[in-house]
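Here's the letter readout for the chains.
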Amino acid sequence: MNITIYCASSGRSPECFVRDAAALGRLVAEGGHTLVNGAGRTGLMAAATDACLEAGGEAVGVIPQFMIDQGWQHKGMTRLVVTENMHVRKERMAELSDACIALPGGVGTLEELLEIITWKQLGLYMKPIIVLNTKNYFSPLLRQLEQAVEQQFMSSLHATLWQVAATPEEALRLAVETPPLQEPIRKFAAL
């Protein structure tokens, strides 16, 4: 499988998040899967990529040209896919994936996670979406999504579009074992 990982590029992330990113990268490689990410050379992206490569795995990075111009790319990726902009980058990462796992990150990571959930809600992405909730990082966002259901901005069926994992091992297991949707949820979940 190709496992797309959304996560922080910040080099100042707390060690617990770095550890989980590295553990997930290693597990992806040990499972015979390919890691796909945004090709960042720092932060959780680099930790996941480095661990995957050190464990003998393959890592595909998808990055826009302007980031390469800034020197932000990881230079050890197995394969680098260069895009014209951020929109194409996100589309390409989704196309390449058999499942997505979101790790902690800033607004870029949150935006990627919410966009892929939206695509799944609309039937544009049918594959598993896993939220790795290290140290309850995503708990406020997950509560906000629960509130959206409670206040009927989302159907309760839409809350089934993602799964939450507490550990890298659980996240990868869910990504591998969860079957893709067979039909778009929008067909049977009208608000």
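Residues numbered from 1 in each chain as written. Predicted model: local features only at pLDDT ≥ 70, side-chain atom pairs only at ≥ 80, totals over all residues. Heavy atoms only, no water.

Could you clarify how one ought to interpret the environment of Leu141 in this entry?
Examined against the element boundaries, Leu141 turns out to sit in helix α6 (residues 139-150). Spatially, the C-alpha atoms of Leu141 and Leu114 are 9.9 Å apart, while their sequence positions differ by 27 residues. (Helix = DSSP H or I, 4+ residues; strand = E, 2+ residues; numbered from the N terminus.)

Hey, could you run me through the packing of aromatic side chains in this one?
Each aromatic ring pair is summarised here by two numbers: the centre-to-centre distance and the angle between the ring planes. Considering all chains together, one arrives at 3 aromatic pairs under this definition. Here Phe17 and Tyr137 contribute two aromatic rings whose centre-to-centre distance is 5.7 Å and whose plane-to-plane angle is 75 degrees, an arrangement assigned as edge-to-face. Placement of Phe17 in helix α1 (residues 15-30) and of Tyr137 in the loop between β6 (129-132) and α6 is noted, with a sequence separation of 120 residues between them. Exposure remark for Phe17: the relative accessible area of 11% places this residue in the buried category. Aromatic pair Tyr137 and Phe138: ring centres 5.2 Å apart, planes at 90 degrees, arrangement edge-to-face. Judged by relative accessible area, which is 33%, Tyr137 ranks as partly exposed. Under the relative-accessibility criterion, Phe138 is labelled buried at 1%. Cluster of aromatic residues (ring-pair linked, three or more members): Phe17, Tyr137 and Phe138. (Phe/Tyr/Trp six-rings, centres within 6.5 Å; stacked < 30°, edge-to-face > 60°. Buried < 20%, exposed > 50% of the residue type's maximum accessible area, 1.4 Å probe, protein only.)

Mind showing me how you'd approach the pattern of salt bridges here?
Counted according to the given criterion, the structure contains 7 salt bridges. We note a salt bridge from Glu150 to Arg143, for which the minimum N-O separation is 3.1 Å. For the salt bridge of Arg173 with Glu177, the shortest nitrogen-to-oxygen distance reads 3.3 Å. Taken together, the residues span about one helical turn, with Arg173 and Glu177 both in helix α7 (residues 168-177) at a distance of 4 residues. Overall, the relative accessible area of 39% leaves Arg173 in the partly exposed class. You can call Glu177 exposed: its relative accessible area is 55%. Residues participating in the shared-partner salt-bridge network are Lys90, Glu111 and Glu115. (Salt bridge = Lys/Arg side-chain N within 4 Å of Asp/Glu carboxyl O.)

Distances and angles like these do not, on their own, reveal function.
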